[in-house]
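Topology and contacts: notes
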Amino acid sequence: MGPFSRLGKVLTGEAGQTRTAQRTPSVSRASASEKRLTLELRHITKQFPGVLACDDVNLTVSEGETVALLGENGAGKTTLMNILYGLYTPTSGEVLVDDVPIVMESPSDAIAAGIGMVHQHFMLVPVFTVSENVVLGDEPTEVAGWIDQKTARDRVRTISARYGLEVDPDTYVEDLPVGSQQRVEIIKALSRDANFVIFDEPTSVLTPSEVEGFFKIVEGLKADGKGIVFISHKLGEALEIADRIVIMRRGKTVAEVVPKDVTEEKLAELMVGRPVDLVVDKSESKPLEVVLLVDNLSVLDDRGQLAVNGMSFDVRAGEIVGIAGVQGNGQTELVESLTGLQPSMSGTVYLGGEDVTTKSPRAIHKMDVAHVPEDRQRSGLVLPFTITENIVLDSYYESPISRGVQMNWSEASDRAERLVEEYDVRTPGINVLVSTLSGGNQQKVIVAREFDRDVTLVIASQPTRGIDVGSIEYIHSRIIEERDAGAAVLIVSSELDEIKALSDRILVMYEGRIAGEFDGSASTTEIGLAMLGGAGEAEAS
Amino acid sequence: MKPESDTAIYEGEGKRVTPAERRATIVGVILIVLAVFVFWVFALGSEAGVQSTFKLSLPQARFEDLAWTVNSRWLGFIVSGILAFLGGMVLRRSHVKWTNLALAIGLILVAFAFLTWAASGKSFSLVGMLRATVVLSVPVTLGALTGLMCERVGVINIAIEGQLLTAAFVGTIVGSAWGIWAGLVGAVLTGALLGAVLAVLAIRFRIDQIIAGVVINIFALGLTSFLARRVLSEATHLNSPGRFSPTKIPFLGDIPVLGPMFFNHNMFIYVTFILVIGLHFGLFYTRWGLRSRSVGEHPEAADTVGINVYRVRYRNVILGGMIAGFGGAFLTLAQVSRFEENMTAGIGFIGLAAMIFGRWMPLGVFGAGLVFGFARALQQKLGILGTPIPSEFLSMIPYIVTIIVVAGVVGKARPPAADGQPYIKD
Ligand SMILES: Nc1ncnc2c1ncn2[C@@H]1O[C@H](COP(=O)(O)OP(=O)(O)OP(=O)(O)O)[C@@H](O)[C@H]1O
Ligand SMILES: [Mg+2]
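Residues numbered from 1 in each chain as written. Chains lettered and ligands numbered in written order. Predicted model: local features only at pLDDT ≥ 70, side-chain atom pairs only at ≥ 80, totals over all residues. Heavy atoms only, no water.

**What about the overall build of chain A?**
For the record, the criterion: Secondary structure is summarised from DSSP: a helix means a run of H or I of at least four residues, a strand means a run of E of at least two, and numbering begins at the N terminus for each. Only C-alpha atoms enter the radius of gyration; for comparison, a globular chain is expected to reach 2.2 Å times N to the power 0.38, where N is the number of residues. Any residue under 20% of the maximum accessible area for its type is buried, any over 50% is exposed, and the rest in between are partly exposed; the area is computed with a 1.4 Å probe on protein chains only. Each accessible area is a Shrake-Rupley result for a 1.4 Å probe, and residues are judged covered by the shown protein chains and nothing else. When charges are counted, Lys and Arg contribute as positive and Asp and Glu as negative, whereas His and the chain ends are disregarded. Every charge is mapped to an atom, namely NZ of Lys, CZ of Arg, CG of Asp or CD of Glu.
Of regular secondary structure, chain A possesses 20 helices and 22 strands. Taking 541 residues into account, the globule formula puts the C-alpha radius of gyration at 24 Å, and chain A, at 24 Å, falls close to it. Taking the principal axes of its C-alpha atoms as reference, chain A extends roughly 75 × 50 × 50 Å. Relative to its full complement of 541 residues, chain A shows a buried share of 58%. When the accessible area of chain A is evaluated, it comes to approximately 20,700 Å², of which 51% is carbon and sulfur surface. Across chain A, the 51 positively charged side chains and the 83 negatively charged ones have centroids separated by 4 Å.

The following block contains the structure:
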């Protein structure tokens, strides 16, 4: 959709964008295409109850420029971008396009002003297909608003082919693993052909090759003269892709640097305010007895297809096993089946020698299994509950959190206070709803809950998804501590760096099977090849 | 229209089955039990050698004496045999996809065996019964469509009953004063107005939607009852609006059985058909439908793509109210041509049940409406036929059907994800 079709919409009085559309830059741009537009946030302040999320922030992006926005969890990045996108109204301050203030009352104003956004927490309708999600709000129609399904599908196919974002337009979004949902969210933003695109942590669940593909997308958009804001907790990515890096801390912009002047260590220090250890210190593992034994396990996915196809492996006490692989190769089903959330079709799972294949999630949990699920908002937290309530979600029914039929809230609050402190959850208090926490802080609440007891087995999917470098350092050291204390650890991640940093042994999953086994020191290329279904077996150690 | 998920569940110690397979087992057992029941009660319960006669046309129709006579007992045996066969097939669990179809066929056969038993030694107008089914399904279907219009965008409407009742009342008065077409317009506008009230309470003031609905129902019942007693009982000329007369559709109306069932009615029934089909395709194939459903499933996502969540909600809730208004008009301007206190008698709530039974899909809702229509037709016609069943039990039929249906004979239905949740923008 270009400026003209948008104009067409205005003329036909559609979509209610008439009022603001007259001020859209895209219209004027048609006449003065040479000129580079600038999007500007001026003196933006946003006060939430108890939190000053943005404190007099100024930020500009020009067309053809990539700005990376970095900052700790809860620094206010998402809030700032939501203001830019019309989702939040700022307490004060204004949004300007080329020095003209624009009314931002709802996202439709932002869309009319040529702004697109990839949201940190995906804005996808689970029961719609991929193509329905992509065209929603900008549907190709025939007479009487009849949706042209073919064009819709083609729109998805064109973009996924052009940018290497593979996804089937006809699958239902709820059947997709988060990695694929991420691709859908990106495709959706790209299909709108905006002048400015905001990417809020677009790479948090992408594999290295997908990240590379994503960078090509960004390069392409830049070459097309689009302005880009890119948010990530992976500092290397910011260094690689950005023209300018803006750093936020506690609601303020504290520094603005150019990639060539800084290193990852320097960026981390600017963000956190102290030097950060980017490499995990890890001693040699001392594997002991087998804790988790998976024997020939098969699991069906929601469509009744074999997602896990006869997998066998074990995890020993005192070792960390990493499962690498492109999302959607059965990892979700594997983890859900191991934790009792989803039944298996055949095979057996032993935990400490006991057959737990048909045990309930609570029974498995009670055998001291910690589980960090891949989708924090869907299966990790109860969003309309407070931090305290979420912290005791796994133990509310037993002493000391409950006394008979009565809850012991003071005990629960004490625990929440302690964990918030220990895991550095940035929040105005333990009684705020987790839904109001920033993404990374939500993740910390889950990790804190799961690790705060004696565990014999840790199963963690994307454990540090969306977490800032300072906190990753802490969570990684906690995982290694658990290992050294004798726990068996299973990490599932699409992020190879994380797998490599933590694992003593690496299994690569491809199409529901183990496509290769490596030790912790294997090279990225070897593993990457196996992840794409390449000849991994040959190198099995 | 996403198919149901199909992952395994555990059945007893270590045995793994899919939910569809487990359902098949349950349905299979139900079918076998029904087979035994039909054999025992309906087949053995009819005297040997006695016949049941089903009239297949209405008096004065083109093929006037179309009829079908069967031996009551033998029909019971045959139905029982088919049920046992179906049950056996379903229990084999080799084609779980067909479970629902087998259940549907089974239930229709049971209903038929029941009728044969009830009509044994007599003659029974089957077509009259099927025609009544269609007619009586209309208010339920319209109520269900109202609920569906609202819930698809995330607003729970339990005020359907009140909307039907008030619209029926206004339709009567306006219709009596200015003619039936004016009455129809008045009824539809009344529905729209009550829809708007619900919308403002639920969307703008974020009052609990169930409570808002209850309030509207109580208000509607109280107001119409009061006015009916005070005004209509005095001014009886305001309580005789006249009726829309039936129009037979050429050719189609002459088809035996189907003609009188579907194509020889007043315009309300034709409009209902059109609404059902139009809404079904509208909801699942058009921009309006996609946007509406997105608002009911994930309003935030809809907002981020530039859809005005509030506007979509207002619009659909008011449109839903208009459908209820139309349904209310049907009651007083087509069915009985006068208003009586609490004349809806729970149709709005049965409509809600039909909405769930029909899985929030217009075509499904129509099917559900037919089931409830059938239950009410059965109640009426059996009363005429004179069966050993006490009439109190007969009048319970529609409500019992409602309970059984909602208690989940038909599998698990999933409401829109944001159903009943106000959308709060920062
Ligand atoms: N809707 C809301 N209501 C109340 N507080 C909020 C709301 N949204 C965000 N906050 C608060 O504002 C602060 C900034 O949050 P924001 O989501 O912008 O952080 P962020 O920089 O995006 O962090 P992350 O890297 O974890 O995503 C946090 O302290 C958060 O608790
Ligand atoms: Mg964020």
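Once the structure has been displayed, the description carries forward.
**Let's talk about the interface of chain B and chain A**
Selection rule: Residue contacts are counted whenever heavy atoms from the two residues lie within 4.5 Å of one another. Buried area: the sum, over both parts, of the accessible surface (1.4 Å probe) that disappears when the two are put together. Any carboxyl oxygen of Asp or Glu within 4 Å of a side-chain nitrogen of Lys or Arg constitutes a salt bridge here. In protein, a polar contact requires one atom able to donate a hydrogen and another able to accept it; more generally it is a pair of N or O atoms within 3.5 Å, and residues adjacent in sequence count only if both atoms are side-chain atoms.
Taken together, the contact pairs 32 residues of chain B with 51 residues of chain A. Buried area between chain B and chain A, summed over both chains or domains, comes out near 3,500 Å², and the portion from carbon and sulfur atoms is 59%. Connecting chain B to chain A are 3 salt bridges. Residue A:E132 is joined to B:R293 by a salt bridge in which the shortest nitrogen-to-oxygen separation is 3.9 Å. In this structure, the connection of chain B to chain A is made through 6 residue pairs in polar contact (both at pLDDT 80 or more).

**Topic: the packing of aromatic side chains**
Residue and element names in this part refer to chain B. What counts, and what does not: Two rings from Phe, Tyr or Trp (for Trp, the six-membered ring) form a pair when their centres are within 6.5 Å of each other. A pair whose planes differ by under 30 degrees is stacked, one over 60 is edge-to-face, and the rest are tilted.
Within the structure shown, the criterion is met by 29 aromatic pairs over all chains. Ring geometry for F39 versus F77: centroids 5.4 Å apart, planes at 45°, classification tilted. Taken together, the positions of F39 in helix α1 (residues 19–43) and F77 in helix α2 (residues 72–92) put the pair 38 residues apart, joining distant regions of the chain. Looking at F39, the relative accessible area reads 32%, which means it is partly exposed. Seen from their ring centres, F169 and F339 are 5.1 Å apart, and the 80° between their planes marks the pair as edge-to-face. Of this pair, F169 sits in helix α5 (residues 160–178) while F339 sits in the loop between α12 (309–335) and α13 (347–357), and the two are 170 residues apart along the sequence. Judged by relative accessible area, F169 falls into the buried class, the value being 6%.

**Considerations on the site of ligand 1**
Residues and elements named next belong to chain A. What counts is decided by this rule: Nearness is defined per residue: one heavy atom within 4 Å of the molecule or strand is enough. Under the grouping applied here, Gly and all other residues not named as nonpolar or charged are polar, the nonpolar ones being Ala, Val, Leu, Ile, Met, Phe, Trp, Tyr, Cys and Pro and the charged ones Asp, Glu, Lys and Arg.
Residues in contact with ligand 1 amount to 20 residues; listed here are only the nearest, K77, T78, T79, H233 and S438. In the environment of ligand 1, an oxygen atom lies 2.8 Å from a nitrogen or oxygen atom belonging to the backbone of G74. A75 is positioned with one of its backbone polar atoms (N or O) 3.2 Å from an oxygen atom of ligand 1. Contact with the protein chains hides 90% of the accessible area of ligand 1, taken as 640 Å² for the molecule alone. For the shell around ligand 1, the elements supplying multiple residues, two or more each, are β2 (51–62), α4 (77–84) and α17 (439–451). The element that contributes the greatest number of residues to the shell around ligand 1 is α4, accounting for 3 residues. Across the shell around ligand 1, the residue classes tally to 6 nonpolar, 11 polar and 3 charged.

**Comments concerning the nonpolar core**
What counts, and what does not: Working definition of a nonpolar core: buried Ala, Val, Leu, Ile, Met, Phe, Trp, Tyr and Cys residues. They are joined through side-chain atoms within 4.5 Å.
In this structure, B:L184, B:F268, B:F330 and B:F339 are the most contacted members of the largest nonpolar core, which totals 58 residues. The contacts of B:F268, once residues within four sequence positions are left out, are B:L184, B:F244, B:F326, B:A329, B:F330, B:L333 and B:A334. The next biggest cluster of nonpolar side chains, apart from the first, holds 48 residues, and it includes A:A189, A:F215, A:L235 and A:I241.

**Concerning the pattern of salt bridges**
Residues and elements named next belong to chain A. With the rule as written, the count across this model stands at 39 salt bridges over all chains. When the shortest N-O distance is used, the salt bridge between D55 and K252 registers 2.7 Å. Taken together, the residues D55 in strand β2 and K252 in strand β10 (residues 252–257) connect sequence positions 197 residues apart. The salt bridge partner of R426 is D424, with a shortest N-O separation of 3.1 Å. Salt bridges sharing common partners tie together R418, E422, D452, R478, E481 and E482.

**Regarding the confidence of the model for chain A**
Residue and element names in this part refer to chain A. Stated formally: Per-residue confidence from the predictor is given as pLDDT, running between 0 and 100.
Of all residues in chain A, 92% attain a pLDDT of 70 or more, and the chain-wide mean is 86. This stretch, residues 1–33, has a pLDDT under 50; its non-local contacts, to residues over four places away or in other chains, come to 43 contacts. Residue range residues 536–541 is modelled with pLDDT below 50. Its contacts to residues more than four positions away, or to other chains, number 13 contacts.

**Thoughts on the domain arrangement of chain B**
All names here are of chain B. Here is the rule: Domain limits in this description derive from either an automatic procedure or a database domain assignment.
Each assigned domain of chain B is listed here: domain 1 (9–121) and domain 2 (128–406). Computed from C-alpha atoms alone, the centre-to-centre distance between domain 1 and domain 2 is 31 Å. The interface of domain 1 with domain 2 comprises 11 residues on the first partner and 13 residues on the second. For the pair domain 1 and domain 2, the two sides together bury roughly 970 Å², of which 82% comes from carbon and sulfur. It is L58, F114 and L115 in domain 1 that bury the most area against domain 2; as a group they hold 39% of the surface buried on that side. Linking domain 1 with domain 2 are 0 salt bridges.

**Structural notes on the pairing of strand β1 (residues 38–48) of chain A**
Residue and element names in this part refer to chain A. Stated precisely, the cut-off is as follows: Whether two strands pair depends on DSSP finding at least two bridges between them.
Of the pairings in the sheet, the one linking β1 to β2 comprises 8 bridges and is antiparallel in character. Bridge pairing links E40 to T60 in β2. Where β1 hands over to β2, the hairpin turn is made up of 2 residues, of which G50 adopts a positive phi near 85°. Pairing geometry for β1 and strand β4 (residues 92–97), over 5 bridges, is antiparallel. When the bridges of β4 are listed, R42 appears paired with E94.

**Overview of the sheet that holds strand β11 (residues 290–300) of chain A**
Residues and elements named next belong to chain A. Operational definition: Fitted lines through C-alpha atoms give the axes, limited to the stretch in contact for helices. The angle between two N-to-C directions lies from 0 to 180 degrees.
Reading across from one edge, β12-β11-β14-β15 is the order of the 4 strands in this open sheet, with antiparallel pairing throughout. The sheet is open, and its two edges are formed by β12 (306–316) and β15 (354–355), each paired on a single side. Relative to β15, strand β14 (residues 346–351) is paired through 2 bridges, and the arrangement is antiparallel. The partner of L351 across the bridge, within β15, is E354. Running over the sheet, helix α12 (residues 331–338) touches β11, β12 and β14 and is turned about 120° from β11.

**Overview of the packing of helix α4 (residues 126–151) of chain B against helix α14 (residues 362–385) of chain B**
Residue and element names in this part refer to chain B. What counts is decided by this rule: Oblique is the label for any angle not under 35 degrees, not over 145, and not in the 65 to 115 range, which are roughly parallel, roughly antiparallel and roughly perpendicular in turn. Helix crossings fall into two classes, left-handed where the near helix is turned counterclockwise from the far one by less than a right angle and right-handed where it is turned clockwise.
Running from amino to carboxyl end, α4 crosses α14 at an angle of 135°, the nearest separation of the two axes being 6 Å. The angle between α4 and α14 places the two elements in the oblique class. Of the two elements, α4 crosses α14, and the hand of that crossing is right-handed. Its residues placed into classes, the contact of α4 with α14 shows 16 nonpolar, 7 polar and 2 charged.

**Some details on a nonpolar patch on the surface**
All names here are of chain B. The line we're drawing: For patch building, the residue pool is restricted to those with more than 30% relative accessible area and no salt bridge; the joining distance is 9 Å between like charges and 5 Å between nonpolar side chains (Val, Leu, Ile, Met, Phe, Trp, Tyr).
Judged by side-chain polarity, V200, F205, I207, I210, I211, V214, V215 and I218 come together as a nonpolar surface patch covering roughly 680 Å² of accessible area. The greatest single-element share of the nonpolar patch, amounting to 5 residues, is contributed by helix α7 (residues 209–232). You can see F205 is positioned in the loop between α6 (180–204) and α7.

**Re the coordination of the magnesium ion (ligand 2)**
The textbook angles at a metal center are 109.5 degrees for a tetrahedron of four donors and 90 or 180 degrees for an octahedron of six. Residue and element names in this part refer to chain A. To keep it simple, the criterion reads: Each metal site is built from N, O and S donor atoms within 2.8 Å (3.2 Å for Na, K and Ca), and since water is not included, such sites may look incomplete.
Around the magnesium ion (ligand 2), the donor atoms from the protein are T78 (OG1) and Q120 (OE1), and they sit 1.9 to 2.1 Å away. One end of the pair, T78, is in helix α4; the other, Q120, is in the loop between β6 (115–118) and α6 (130–135), with 42 residues separating them in the sequence. The exposure class of T78 is partly exposed, given its relative accessible area of 23%. The class for Q120 is buried, based on a relative accessible area of 8%.

**Overview of unusual backbone geometry**
Residues and elements named next belong to chain A. Cis geometry is found at the peptide bond from S399 to P400, where omega equals 5°. Residue placement: P400 occurs in the loop between α15 (387–391) and β17 (402–403). Phi at R250 is positive, roughly 45°, even though this residue is not glycine. Checked against the element boundaries, R250 lands in the loop between β9 (244–249) and β10. Despite not being glycine, Q462 has its phi angle at roughly 40°, a positive value. The exposure class assigned to Q462 is buried, which follows from its relative accessible area of 3%.

**Focus: a negative patch on the surface**
Residues A:E411, A:D414, A:E417 and A:E421 make up a contiguous surface patch of negative charge. Here A:E417 shows up in helix α16 (residues 409–422).

**Description of the pairing of β4(A)**
All names here are of chain A. Looking at chain direction, β4 and strand β5 (residues 100–101) are connected through 2 bridges and run antiparallel. In the sheet register, L96 faces β5, and the bridge partner there is P101. In textbook terms, the turn of a hairpin is the stretch between consecutive antiparallel strands, and for β4 and β5 this stretch comprises 2 residues, one of which, D98, has a positive phi near 50°.

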